[in-house]
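# Per-entry structural report
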Amino acid sequence: MDFSMEKPTKKTDCEEDEHRRGIDSLPDEITLDIFSRLSVTSLMQSRFVCRYWKNFSFDRNLASLHLSQAVKRDPLLIFHSDFPIRNQLCFAEFSGTDDDAQGIVKKISTPFSASMPEFTVVSSCNGLLCLFDSLYKDAVYIYNPFTRDYKELPKTRQYDEETVVCGFGYHPETNQYKVVKIVYYWIVNFGYPRAHSRIRMSRNSKSEVFVLSLGGNAWRNIGEAPYFIQRRPQGALFTCGRLHWQTQGWFKNVRGFVIISFDLADETFHEIPRPDFSRIADGHRYHLADLKGCLSAIVYICRSKELEIWVMREYNVKESWIKEFRIGANIPDSPSTKLLQPFRMWRNSLHRALVRILCILENGEILMEYSVGRLALCDVLSGTYKDITFKGMPSIFQTVVHVGSLNLIDFPVICNM
């Protein structure tokens, strides 16, 4: 069912007047507090109750206060699926019960699908999605999937063959939302870019970094990227006002896993000290996550089938890395993946992360995605697992942890934690 089409029946003028008198009898600050505690889906449905509620739902104070409340609750889950329908977005909300079966998956419409038929989800930040054109490798859209407000950002393509790495986030000190594009192109034939070059090594590449602040309409070229960052399906991780990528570099004179950050305030790149975990992490079975607002690194140890979850308690302080969790070998068994490999979304990720940590819920359980289409909750105290299912879940999907909000694009609201 398309979420955008779920409209309550129209109220009569008399009924609308009764609602208006009831709301008007409350002080504005109490009305604001009540509405800010509703889910984003309830807020969107309230727009069809009466004209007063509809107008109130567009109040910027409500958008800001609601966002501040929403980031403290368990997130929504957005599923980006390629099967059975390609490039389908849908979402689900936790029911708040202990049942394995949760709520119902609802479709999210993409009003720009005609101009961007294939896309990847770069990131989610305070209710806004950043989507990148995976077919023509240029268009970038910012989209609020619940208000259906969207904007296509200006194109920047200059070279026939280029690789683009994107990121999207918000810095609480500057109160600015920014989109970052790192464009890599390859130099052959005496320094001139050439289409269809087969030389794809980092030492042959050149780069340009573009930054656009929401509310503006122009990209700023801030120079070259000091690191070569490989494009991954999950995109950049946003946390602590910075974008983060994992890439290959030198650590203790050994080539291995390094963490690169981009500060959204001063727009500079940095290398973040990594934890001193086993050299098994210098393979491909690791990933980054934001756990309760902290940068975290997750290592999948193949031999023991265990997950080590390292958390940086104080940002950019090497000594603050601690091994927060070590999840045992009871990870749910994965079904056969031999039929999944041909699909575009997973061809570059199947061998890199058998299990992906998504978030920690309010009750302390760890939500994880595994087997490119299964969700599970891990109770770290008891060491037990349970599969999580939603009615109408797609067969194959990538999960995006999302905060449902009324956030705007041209005039985004400030998140007061």
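What counts, and where the lines are drawn
Residues numbered from 1 in each chain as written. Predicted model: local features only at pLDDT ≥ 70, side-chain atom pairs only at ≥ 80, totals over all residues. Heavy atoms only, no water. Helix = DSSP H or I, 4+ residues; strand = E, 2+ residues; numbered from the N terminus. Buried < 20%, exposed > 50% of the residue type's maximum accessible area, 1.4 Å probe, protein only. Contact = heavy atoms within 4.5 Å. Areas by Shrake-Rupley, 256 points an atom, 1.4 Å probe, with all protein chains shown as cover. Pairing = 2+ DSSP bridges. Axes fitted to C-alpha atoms, helices over the stretch in contact; angles between N-to-C directions. Core = buried A, V, L, I, M, F, W, Y, C linked by side-chain atoms within 4.5 Å. Polar contact = N/O pair within 3.5 Å; in protein donor to acceptor, adjacent residues only side chain to side chain. Salt bridge = Lys/Arg side-chain N within 4 Å of Asp/Glu carboxyl O. Arc of directions from axis to C-beta.

On to the overall build of the protein. A tally of helices and strands in the protein yields 5 helices and 26 strands. In the protein, which comprises 417 residues, the share counted as buried stands at 53%. Within the protein, counting contacts between residues at least 6 apart in sequence, those at least 24 apart form 57% of the total. As presented, the protein carries roughly 20,000 Å² of accessible surface, and 50% of it is formed by carbon and sulfur atoms.

This part covers the sheet that holds strand β6 (residues 128–133). Strand order across the open sheet formed by 4 strands is β5-β6-β7-β8, with antiparallel pairing between neighbours. Whereas interior strands pair on both sides, the edge strands pair on one side only; in this sheet they are β5 (119–125) and β8 (149–152). Neighbour to neighbour, the strand axes of the sheet diverge by 20° on average, direction disregarded. Sheet analysis places β6 next to strand β7 (residues 140–144), joined by 4 bridges and oriented antiparallel. For Leu131, the partnering residue across the bridge sits in β7 and is Tyr141.

Now for the nonpolar core. Counting residues in each nonpolar core, the largest one holds 71 residues, and the members touching the most others are Leu131, Ile142, Phe168, Val179, Ile182 and Trp245. Excluding its chain neighbours within four sequence positions, the residues that come into contact with Trp245 are Val165, Cys166, Ile182, Ile229, Ala236, Val258, Ile259, Ile260, Phe262, Phe269 and Leu288. Residues Ala289, Ile298, Ile309 and Ile366 belong to the second largest nonpolar core, which totals 19 residues.

Right, let's talk about the environment of Ser207 for a bit. Position of Ser207 among the secondary structure elements: in strand β12 (residues 205–213). Given a relative accessible area of 5%, Ser207 falls into the buried group. Apart from residues lying up to four places away in sequence, Ser207 is in contact with Val183, Tyr184, Tyr185, Gly223, Glu224 and Ala225. Within the local environment of Ser207, its side chain forms a polar contact with the backbone nitrogen of Ala225, the two atoms lying 2.9 Å apart.

So, on to the pattern of salt bridges. Following the criterion strictly, the structure yields 14 salt bridges and no others. We note a salt bridge from Asp263 to Arg242, for which the minimum N-O separation is 3.5 Å. One end of the pair, Asp263, is in strand β16 (residues 254–263); the other, Arg242, is in strand β15 (residues 242–251), and 21 residues separate them in sequence. Here Glu369 and Arg356 are joined by a salt bridge, their closest N and O atoms 3.5 Å apart. Of this pair, Glu369 sits in strand β23 (residues 366–370) while Arg356 sits in strand β22 (residues 355–360), and the two are 13 residues apart along the sequence. In terms of burial, Glu369 and Arg356 fall into one category: buried. Within this structure, Lys178, Arg220 and Glu267 form a network of salt bridges that share partners.

Let us look at the pairing of strand β25 (residues 384–391). Both strand β24 (residues 374–379) and β25 contribute to a ladder of 5 bridges, which runs antiparallel. Across the sheet, Leu377 pairs through a bridge with Lys386, a residue of β25. Hairpin connection of β24 to β25: 4 residues between the antiparallel strands, including Gly383 at a positive phi of 75°.

Moving on, we come to the environment of Leu307. In this fold, Leu307 is placed in strand β20 (residues 306–312). Once the C-alpha coordinates of Leu307 and Arg356 are considered, the two residues, 49 residues apart in sequence, prove to be 9.7 Å apart.

Turning to the sheet that holds strand β4 (residues 106–108), a few remarks are in order. Backbone hydrogen bonds hold the strands of a sheet together, and the pairing may be parallel or antiparallel. Ordered by their spatial adjacency, 4 strands build an open sheet running β4-β2-β1-β26, and the pairing between neighbours is antiparallel. One side of each edge strand has no neighbouring strand; the edge strands of this open sheet are β4 and β26 (396–402). Here the average twist between neighbouring strands, direction ignored, is 35°. Taken together, the 7 bridges between strand β1 (residues 76–83) and β26 define a ladder with antiparallel strand orientation. Note on β26: the bridge partner recorded for Ile78 is Val400.

The next point concerns helix α2 (residues 28–36). Residues of α2 that are buried: Thr31, Leu32, Phe35 and Ser36. The buried side chains of α2 occupy one side of the element, clustering within an arc of 130° when seen end-on.

Even without being glycine, Cys240 reaches a positive phi, approximately 60°. Positionally, Cys240 belongs in the loop between β14 (237–239) and β15. In this structure, Glu267 takes a positive phi of about 55° despite not being glycine. Mapping Glu267 onto the fold places it in the loop between β16 and β17 (269–272).

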